[in-house]
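So you can see what is in the structure, the chains are spelled out below.
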Amino acid sequence: MKKIIAFIFAFCLFANSCAYAGTLELDFSEETPFNASLRSALLPGWGQMWNDQETKGWIVLGIFAVSVAGAFYFNNQAQEYYDKYENQGIINGSYYDDYERNYQASQIFTFAAIGTWLYAVIDAYVVCKKQTSSYSRTSSFNFYYNQKDDSLSFNYSRRI
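Fair warning: this is a prediction, and the values are worked out from it, not measured in the lab.

Taken together, Phe111, Ile114, Trp117, Leu118, Ile122, Tyr125 and Val126 make up a surface patch of nonpolar side chains, about 660 Å² in accessible area. Mapping Leu118 onto the fold places it in helix H5 (residues 94-131). Under the relative-accessibility criterion, Leu118 is labelled partly exposed at 41%.

Moving on, we come to the environment of Gln77. When you line up the elements, Gln77 lands in helix H4 (residues 54-88). Residue Gln77 is classed as buried on the basis of its relative accessible area, which comes to 18%. In this structure the C-alpha to C-alpha distance between Gln77 and Tyr99, which are 22 residues apart in sequence, comes to 7.5 Å.

Two elements in contact, H4 and H5, have axes whose closest approach is 7 Å; the angle formed by their N-to-C orientations is 160°. Here H5 runs roughly antiparallel to H4, going by the angle between their axes. Seen from above, H4 lies across H5 with left-handed handedness. Residue composition of the contact of H4 with H5, grouped by class: 23 nonpolar, 9 polar and 4 charged.

This part covers the packing of helix H2 (residues 33-42) against H5. As a packed pair, H2 and H5 sit with axes 8 Å apart at the nearest point and diverge in direction by 160°. Taken together, the axis directions place H2 and H5 in an arrangement best described as roughly antiparallel. Crossing angle aside, the handedness with which H2 passes H5 is right-handed. Touching Pro33, Phe34, Ala36, Ser37, Ser40 and Ala41 of H2 are Trp117, Ala120, Val121, Ala124, Tyr125, Cys128 and Lys129, all from H5. Among the residues making up the contact of H2 with H5, the classes are represented as 10 nonpolar, 2 polar and 1 charged.

Parameters and conventions
- Residues numbered from 1 in each chain as written.
- Predicted model: local features only at pLDDT ≥ 70, side-chain atom pairs only at ≥ 80, totals over all residues.
- Heavy atoms only, no water.
- Patch = residues over 30% accessible without salt bridge, like charges linked within 9 Å, V, L, I, M, F, W, Y side chains within 5 Å.
- Areas by Shrake-Rupley, 256 points an atom, 1.4 Å probe, with all protein chains shown as cover.
- Salt bridge = Lys/Arg side-chain N within 4 Å of Asp/Glu carboxyl O.
- Helix = DSSP H or I, 4+ residues; strand = E, 2+ residues; numbered from the N terminus.
- Buried < 20%, exposed > 50% of the residue type's maximum accessible area, 1.4 Å probe, protein only.
- Axes fitted to C-alpha atoms, helices over the stretch in contact; angles between N-to-C directions.
- Parallel < 35°, antiparallel > 145°, perpendicular 65-115°, else oblique.
- Left-handed = near helix turned anticlockwise from the far one by under 90°.
- Nonpolar A, V, L, I, M, F, W, Y, C, P; charged D, E, K, R; others polar.
- Contact = heavy atoms within 4.5 Å.

Below is the structure:
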């Protein structure tokens, strides 16, 4: 939880420093491999969906979500068994074995989530790089920050 709060704080500081530099514009509408990989870095599977691979995107998102949920669940279970082990005070108690089993499961799920995230980022980059020469993007998603009137705006458009 501390890492999440630190990340949000750092992001807010970055956004605030960019705000004083003038208008901040992040254009996600260009079909570049960087934009595709950035989308997958923010939410695994989003880059695949943007590359018109809907099924692959949903599968990647599902695997990532299950992996993260499993990591949190087994980590909480391991912590509960470790607390019971400490309270019991017996060195060769069965609670320590339960703790080790749940801790190992949480590590497996954690590495699966990290692997899925890396796969999503790299796959989105490679696929977009192959597709950029074949057609042009028909939809766009843009984010704008205007310092003058201190406003945020999002823009989504689709070419018909």
